[in-house]
Amino acid sequence: MRKLKIKISFFFILLTPLFFSCHQSQKKPLQVNRLFSDHMVLQQRQEVTFWGEYTPNRELTVSASWGEEVSAKTNSGGKWEVKIATPEASGPYSIRIRTKDSVISINDVLVGEVWLASGQSNMEMTLNGWPPRDTVQNAKKVIAEARYPGFRMFTVETNPSDKPFDTVAGNWVVASPGTVGTFSATAFFFARRLYEELNVPIGIIHSSWGGTVAEAWTSEGGLRNLGDFSEVLDAVKTSDVRKKAADWFANWNEMKMPSTDEEWQNISFSDLEAAQANFDDSHWDTVGLPGRFDKIDSGVFDGAMWFRKTFTVENAEVDYVLRTGPINDMDATYINGQKIGGLAGENFWKTPREMVVPKTLLKKGVNTIAIRAIDRRGKGSFSGPMTISNSMGDTISMEGNWKYRLIAEIFMNRFYVYTLNSDFSERPDLIEFHPNLPSVLYNGMIHPLTNYKIKGAIWYQGESNVGRDEQYRRLFPAMIEDWRAKWGYDFPFYFVQIAPYNYTPERLSQKLRDAQRCALKTPNTGMVVTLDIGNPANIHPANKQEVGKRLAGLALDNNYGKDLVASGPLYKQTIKSDKKLIVEFDYIGSGLVASTKGLFGFEIAGEDKNYLPAKAKIVGDKVEVFNADIDYPEYVRYAWKNESEASLFNREGLPASTFTSEKF
């Protein structure tokens, strides 16, 4: 009997600490979402929501120094949420969140106009730019003069997620010469014009990521209705891909992703060893080039790969030239252990390679070429032809089998670096986890914002969806409506039509631009046309001032009572008149005008849709187009090339959009 008592007492002693431990684990420190911090801007004359966590079933009070105070109680999970009314644009104020045992103070709070800025690299690109290639026009002067105490920006840190997040990382930053260099340039110029013309505080929540597709920014529910992405969504949902990937990459050294062309050019992944002629690559796998290289047995990857091949030279007394087609995205190339060149940076993925191979590096007989290629996103590939030749007429084909080895992989926007002898047999199938998976950027970078009251959104994206224009006609409006449904109201949504750029022949950006134009059928939207301020040689045009100014013009005209002509001419309809087509436009402002180079870029076709260049002239508020070889014209289109240039404007200086009269 005594033994039994002893056992019972001992069991109670063991249970007691566990009981109190479980009870105490319910206690949580007072927390408020990171969006609510010093220097923040709240939307004026609204009931704005504050939210956070604290111990379950406890009282708390939120008080604002403009005279509002609200109390609430946490739920059984410790979540709390309150709504508090904001005054007209003013400030600074302070906000206190109080419980019996703690206080959170938020200072230098302004009340004004809050906008969300999102998209891909042309929205992400900062005032500092990405030199030397990608710069912002007149940036140094703009930064030096940036003293705007009432303008603040919150930049959301990148975070792809396979599940919706509730919070984000980032801070509100006041615009000053010491800070604005890291601000989104497009969003900065948008906000600056609003700030100067409205004379109220402006807050920008900036959430963007370069090279990303629209479906990544759309919620699962918004995509399910389209049906296009269900298979991938199901795969991500059932695979717990993020955990598998995180567990795998925890085994390897990580490295920050380069942010400038110079950093890309100086990167190294075992270069000194892998490039040597006497390196033993006999245990490496074999791949045929030209062709894709971003696949290994355990899945598709983004990252860096080494390629090696031997070739025989009969005449080593002259220089040679190595030529290949584009290497997507970048490369560093070595002959017998010595670097001869390569292109590394953001915009060389479609540039053919041509490098001199000095005779001093060559030897008669067997030589070794080693190429370290990096695929940052999308499809990694070599394009042909691939040759080494000299001025004597000797040409050596470099096509065929190459030895290859994965040396670094990109995950969550960081490099994870392998060794030249790493074992990939345990690498899981990661379903190519990256920022372009459907919904992952909505989950991590938009969903956490949907309780925060905004006036509207600006958007600059579409380049990464070029080639999928038919889908984009449905996807982009669906994304807009998806965001509005999540916020619970139909806020204004203004977007930038992608600029002319010399894409590959099979990727027709004019079709994507037209899909964006058609998205204007979605109510309460507006579009900035950039046909006149693009750069066909650079996907990141430098004139971000005009982009931001035009976006702000849409907001000032539609939302702030300013009587402006904020859009260029938009195609309305076509009227047949004998052998001519007469094109009518909306938003002609005070009249149509041609560029200083004249009116060009129009094409017409008959029922066969065989388009020919058209002569065009402005007649009153319309444009007449014709071609003497087409007796019965049916269709007209304008600026229908990747690298098109604007030739039609309204008198306010805003360009007409790419369009086609064909129905899709």
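As a reminder, the structure under discussion sits directly above these lines.
The model shown is predicted, which means the values in this text are computed figures rather than measured ones. (Residues numbered from 1 in each chain as written. Predicted model: local features only at pLDDT ≥ 70, side-chain atom pairs only at ≥ 80, totals over all residues. Heavy atoms only, no water.)

Assigned secondary structure in the protein consists of 13 helices and 41 strands. Projecting the C-alpha coordinates of the protein onto the three principal axes gives extents of approximately 100 × 80 × 50 Å. A total of 664 residues make up the protein; the buried ones form 55% of that total. Total accessible area on the protein is roughly 29,000 Å²; 50% of this is exposed by carbon and sulfur atoms. Computed over 77 positive and 80 negative side-chain charges, the separation of the two mean positions in the protein equals 5 Å. (Helix = DSSP H or I, 4+ residues; strand = E, 2+ residues; numbered from the N terminus. Buried < 20%, exposed > 50% of the residue type's maximum accessible area, 1.4 Å probe, protein only. Areas by Shrake-Rupley, 256 points an atom, 1.4 Å probe, with all protein chains shown as cover. Lys, Arg positive; Asp, Glu negative; His and termini not counted. Charge placed at Lys NZ, Arg CZ, Asp CG, Glu CD.)

On to the side chain of Ser207. As for its placement among the helices and strands, Ser207 is situated in strand E11 (residues 202–208). Sequence-distant contacts of Ser207, that is, excluding residues within four places in its chain, are made with Leu116, Ala117, Ser118, Gly119, Val156, Trp217, Met445, Ile446 and Leu449. (Contact = heavy atoms within 4.5 Å.)

This next bit is on the pairing of strand E9 (residues 148–155). E9 sits mainly inside the fold: six of its eight residues count as buried. Relative to strand E10 (residues 172–175), E9 runs antiparallel, the two sharing four bridges. Across the sheet, residue Phe154 finds its bridge partner in E10, namely Trp172. Direction of pairing for E9 relative to E11: parallel, over a ladder of five bridges. Within E11, the position partnered with Phe154 by the bridge is Ile205. (Pairing = 2+ DSSP bridges.)

This part takes up the packing of helix H11 (residues 469–487) against helix H12 (residues 509–518). It is the contact of H11 with H12, at a shortest axis distance of 9 Å, that shows an interaxial angle of 25 degrees. On the basis of their axis angle, the class for H11 and H12 is roughly parallel. When you trace H11 past H12, the crossing you get is right-handed. Facing Asp469, Tyr472 and Arg473 of H11, the residues of H12 in contact are Lys511, Leu512, Asp514, Ala515, Gln516 and Cys518. Grouping the amino acids of the contact of H11 with H12 by side-chain chemistry returns four nonpolar, one polar and four charged. (Axes fitted to C-alpha atoms, helices over the stretch in contact; angles between N-to-C directions. Parallel < 35°, antiparallel > 145°, perpendicular 65-115°, else oblique. Left-handed = near helix turned anticlockwise from the far one by under 90°. Nonpolar A, V, L, I, M, F, W, Y, C, P; charged D, E, K, R; others polar.)

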